[in-house]
Amino acid sequence: MTRETIHTDEEWARILTPEEYRVLRDAGTEPPFTGEYVDLDAHGIYRCRACGNALFDSKTKYHSGSGWPSFWEPITPDAVEEVTDVSHGMKRTEIRCGKCGSHLGHVFEDGPQPTGTRYCTNSISLDFHENAAE
Ligand code: FE
């Protein structure tokens with residue numbers, strides 16, 4: 001999937017709330033255990049809150065104990081883009097929406113099987129659609 005420049009920064013600032021903009025467009029992080037989807041177990045699809053791109057199926061969501069919604073696999077291989085992040089004195093791998101480039105969270109290699117991967121996301125980066133097919 002080719003990255004699309006969907007909106008300018010000025011347009012995103014109008015479309016998103018200030019807190020959505022801070023996380024999605026400025027790589028912020030919501031405080032742990034505060035997001036609306038941390039404990040959600042309903043079946044459905046999690047989409048990008050900025051552009052609506054399908055990101056994760058609830059079938060891959062699990063309780064990581066981290067305080068952020070955690071998934072062990074994106075809904076498709078190119079739904080999520082991985083970028084090396086060296087901010088805050090750490091080397092981490094940032095995850096972004098594969099369509100609009102908005103910040104979702106980070107990915108770690110301490111997840112459950114079958115992948116062993118933890119896609120650690122901000123609730124505010126996601127938009128849950130219950131029982132929605134892709
Ligand atoms: Fe997006």
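Okay, so let's go over this structure. Every value quoted in this text rests on a predicted model; they were computed, and no experiment measured them.

Attention now moves to unusual backbone geometry. In this structure, the amide linkage connecting Gln 113 to the following residue, Pro 114, adopts the cis form with an omega of 15 degrees. Summarising the element assignment, Pro 114 is placed in the loop between β7 (103-108) and β8 (118-121). Positive phi is not limited to glycine here, since Ala 27 has a value of about 55 degrees. Locating Ala 27 in the fold gives a position in the loop between α2 (18-24) and β1 (44-48). Residue class for Ala 27 comes out partly exposed when judged on its relative accessible area of 43%. A positive phi angle, close to 65 degrees, is found at Phe 33, a residue other than glycine.

Let us look at the coordination of the iron ion. Distances from the iron ion to its protein donors, Cys 48 (SG), Cys 51 (SG), Cys 97 (SG) and Cys 100 (SG), fall at 2.3 to 2.4 Å. Around the iron ion sit 4 donor atoms; with metal-centred angles ranging over 104 to 113 degrees, the donor geometry is tetrahedral. For Cys 48, a relative accessible area of 1% corresponds to the buried category.

With that settled, consider the side chain of Ser 70. With respect to the helices and strands, Ser 70 occurs in strand β4 (residues 70-71). Only 2.7 Å separates the side chain of Ser 70 from the side chain of Ser 64, close enough to count as a polar contact. Separated by 3.0 Å, the side chain of Ser 70 and the backbone oxygen of Trp 68 make a polar contact.

Under the counting rule described, the total for this entry stands at 7 salt bridges. With its nearest N and O atoms 3.2 Å apart, the salt bridge here joins Arg 49 to Glu 20. Note that Arg 49 is positioned in the loop between β1 and β2 (54-57) and Glu 20 in helix α2, a separation of 29 residues in sequence. Of the charged contacts, one joins Asp 110 and Arg 118 as a salt bridge, the two residues approaching to 2.7 Å between their closest N and O atoms. Each of Glu 20, Glu 36 and Arg 49 takes part in a single network of salt bridges with overlapping partners.

Our focus in this paragraph is the pairing of β7. With 5 of 6 residues buried, β7 lies mostly within the body of the structure. As judged from the 4 bridges shared by strand β6 (residues 92-97) and β7, these two strands associate in the antiparallel manner. The residue bridging Thr 93 from the neighbouring strand is Val 107, located in β7. What sits between β6 and β7 in their antiparallel hairpin is a turn of 5 residues, with Gly 101 showing a positive phi close to 80 degrees. Pairing of β7 with β8 involves 4 bridges; the strand directions are antiparallel. In the sheet register, Val 107 faces β8, and the bridge partner there is Tyr 119.

The rules behind these values
Every chain is numbered on its own, with residues counted from 1 as its sequence reads. Where local features are concerned, this predicted model is filtered to residues with pLDDT of at least 70; where side-chain atom pairs are given and counted, the filter is 80 or more; whole-chain, interface and lining totals use all residues. With hydrogens and water excluded, all non-hydrogen atoms of the structure serve as input to the side-chain values. Helical segments are the DSSP runs of H or I of at least four residues, strand segments are the runs of E of at least two, and each set is numbered from the N terminus. Residue burial is assigned from relative accessible area. The probe radius is 1.4 Å, only protein chains are included, and a residue is buried under 20% of its type maximum, exposed over 50%, and partly exposed in between. Sites may look incomplete, because water is not among the atoms used; the donor set itself consists of N, O and S atoms within 2.8 Å of the metal (3.2 Å for Na, K and Ca). A four-donor site is called tetrahedral if each angle lies between 85 and 135 degrees; a four-donor site is square planar, and a six-donor site octahedral, when trans pairs exceed 155 degrees and the remaining angles lie between 65 and 115; all other cases are labelled irregular. Polar contacts, as used here, are pairs of N or O atoms within 3.5 Å; protein pairs need one atom able to donate a hydrogen and one able to accept it. Residues neighboring in sequence count only if both atoms are side-chain atoms. The rule for a salt bridge is simple: a side-chain nitrogen of Lys or Arg has to be within 4 Å of a carboxyl oxygen of Asp or Glu. By definition, two strands form a pair when at least two bridges between them are found by DSSP.

Remember, this is a structural readout, not a statement about activity or role.
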